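# Working through the structure, step by step
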Amino acid sequence: MHFDGGFFSAVLAALFAMMNPIANTPVFLGLTEGFERRDVRRLAIRSTLLAFLIGGVFVLCGSMILSLFGISISAFRIAGGVLVALVGYHLLQGQHSSVQKPSDEHLDQAGSDEAILGIAVSPLALPILAGPGTLVTLMNYSAGTSPSKQFITLIAFAVICGLTCLSFFVGGTMTKVLGTIALMVVSRFMGLILTVIGVQMLIQGIQGAFSLNGN
């Protein structure tokens, strides 16, 4: 199986910008404030593992899902490009899109002891890590492609999930070292990258749609 390093780098960069482990770490710390260290580690591992499993389903079954709803890959890329670009635009403005950040209602659920394990599922795995933007990005790079590219996409996603878990582990130290301003700069830069990726997805979708019409 040929390993396409350029494709791997592109998927890795897109997923890193969308999942944004560094910017999501303060959210994780807020959700786990007051928890025992053991519970924090369990939540970090469980949430990233669940996110990988959810994303893996969309990588492997993306084409089937599109076919089930009668959606063309070009249409999906156009819609996905708009969605990803909007998330990037909000980050550039110093805001959080609802596609990327959970609602206040989800955050309020973190207060009860009964919700400790549930937090790993929602809002951590969904919608913070494996939210619509991440799933769109995964399907954009895997739907309608060869098995080798699907495998590469899974590897890239596994790497990002691993980095996210590690970031959650050392979140407290990282926040103290980097500071609020540095985190804001990283978030803005990720916003720029996401905006460009979204526009590129949009261009590819439009080109594909015109190609289909031409045939």
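The structure we're discussing is the one just above.
To keep things clear, this report deals only with the structure shown in the data block.

What counts and how
- Residues numbered from 1 in each chain as written.
- Predicted model: local features only at pLDDT ≥ 70, side-chain atom pairs only at ≥ 80, totals over all residues.
- Heavy atoms only, no water.
- Helix = DSSP H or I, 4+ residues; strand = E, 2+ residues; numbered from the N terminus.
- Contact = heavy atoms within 4.5 Å.
- Salt bridge = Lys/Arg side-chain N within 4 Å of Asp/Glu carboxyl O.
- Axes fitted to C-alpha atoms, helices over the stretch in contact; angles between N-to-C directions.
- Parallel < 35°, antiparallel > 145°, perpendicular 65-115°, else oblique.
- Left-handed = near helix turned anticlockwise from the far one by under 90°.
- Nonpolar A, V, L, I, M, F, W, Y, C, P; charged D, E, K, R; others polar.
- 1 Å grid on protein atoms, 1.4 Å probe; cavity = no way out; pocket = protein on both sides within 12 Å on 5 of 7 lines; lining within 4 Å.
- Points joined across faces, edges and corners; volume = space filled by probe spheres on them.
- Buried < 20%, exposed > 50% of the residue type's maximum accessible area, 1.4 Å probe, protein only.
- Core = buried A, V, L, I, M, F, W, Y, C linked by side-chain atoms within 4.5 Å.
- Phe/Tyr/Trp six-rings, centres within 6.5 Å; stacked < 30°, edge-to-face > 60°.
- Lys NZ or Arg CZ within 6 Å of the ring centre and 35° of its normal.

What follows concerns the overall build of the protein. Along its length, the protein carries nine helices and zero strands. Partitioning the intrachain contacts of the protein with sequence separation of at least 6 by distance along the chain shows that 87% fall at a separation of at least 24.

In this section: the pattern of salt bridges. Overall, the coordinates contain one salt bridge when judged by the stated rule. For arginine 42, the salt bridge identified is with aspartate 39, shortest N-O distance 3.3 Å. Separated by three residues within a single helix, arginine 42 and aspartate 39 lie in helix α3 (residues 37–68), roughly one turn from each other.

A few words on the packing of helix α1 (residues 5–19) against helix α8 (residues 147–169). Orientation of α1 relative to α8, taken along the N-to-C sense of each, is 40°, at an axis distance of 9 Å. As the angle between them shows, α1 and α8 are arranged oblique. Both α1 and α8 take part in a crossing whose hand is right-handed. The residues of α8 that touch α1, namely those facing Phe7, Phe8, Val11, Leu12, Leu15, Phe16 and Met19, are Lys149, Ile152, Thr153, Ile155, Ala156, Phe157, Val159, Ile160, Cys161 and Thr164. Of the residues assigned to the contact of α1 with α8, the class counts are 14 nonpolar, two polar and one charged.

Within this model, the second largest pocket holds a volume of roughly 160 Å³. If you go around the second largest pocket, the residues you meet are Leu29, Thr32, Arg37, Val40, Arg41, Phe168, Phe169, Val170, Gly171, Gly172 and Thr173. Going through the elements one at a time, α3, α8 and α9 (171–214) are the ones with two or more residues in the lining of the second largest pocket.

If you check the backbone angles, asparagine 20 has positive phi at about 45° while not being a glycine. As for its placement among the helices and strands, asparagine 20 is situated in the loop between α1 and α2 (21–31). Taking the relative accessible area as the measure of exposure, asparagine 20 reaches 0% and is therefore buried.

Once that is clear, we can look at the nonpolar core. Within the largest apolar cluster, 46 residues are counted, with the highest numbers of intra-cluster contacts made by Leu15, Phe28, Val84 and Leu194. Sorting the residues of this core by element identifies α1, α2, α3, α4 (73–92), α6 (118–129), α7 (132–142), α8 and α9 as the ones contributing at least two each. Those residues within four positions of leucine 15 in sequence are excluded, and the remaining contacts are Asn20, Thr134, Thr137, Leu138, Ala156, Phe157 and Ile160.

Another aspect to go through is the packing of aromatic side chains. Here the structure, examined in full by the defined rule, presents four aromatic pairs. Seen in terms of ring centroids, phenylalanine 3 and phenylalanine 8 are 5.5 Å apart; in terms of plane orientation they differ by 50°. Their pairing is tilted. Residue classification places phenylalanine 3 among the partly exposed positions, given a relative accessible area of 42%. Phenylalanine 8 sits in the buried class, given a relative accessible area of 17%. Here arginine 41 stacks its cationic end above the ring of phenylalanine 169, 4.7 Å away from the centre of that ring. For lysine 149, the ring lying beneath its charged end belongs to phenylalanine 7, and the centroid distance is 5.0 Å.

This part takes up the side chain of threonine 137. Summarising the element assignment, threonine 137 is placed in helix α7. With a relative accessible area of 1%, threonine 137 lands in the buried category. When near neighbours in sequence (up to four residues on either side) are disregarded, threonine 137 contacts Ala14, Leu15, Met18 and Val84.

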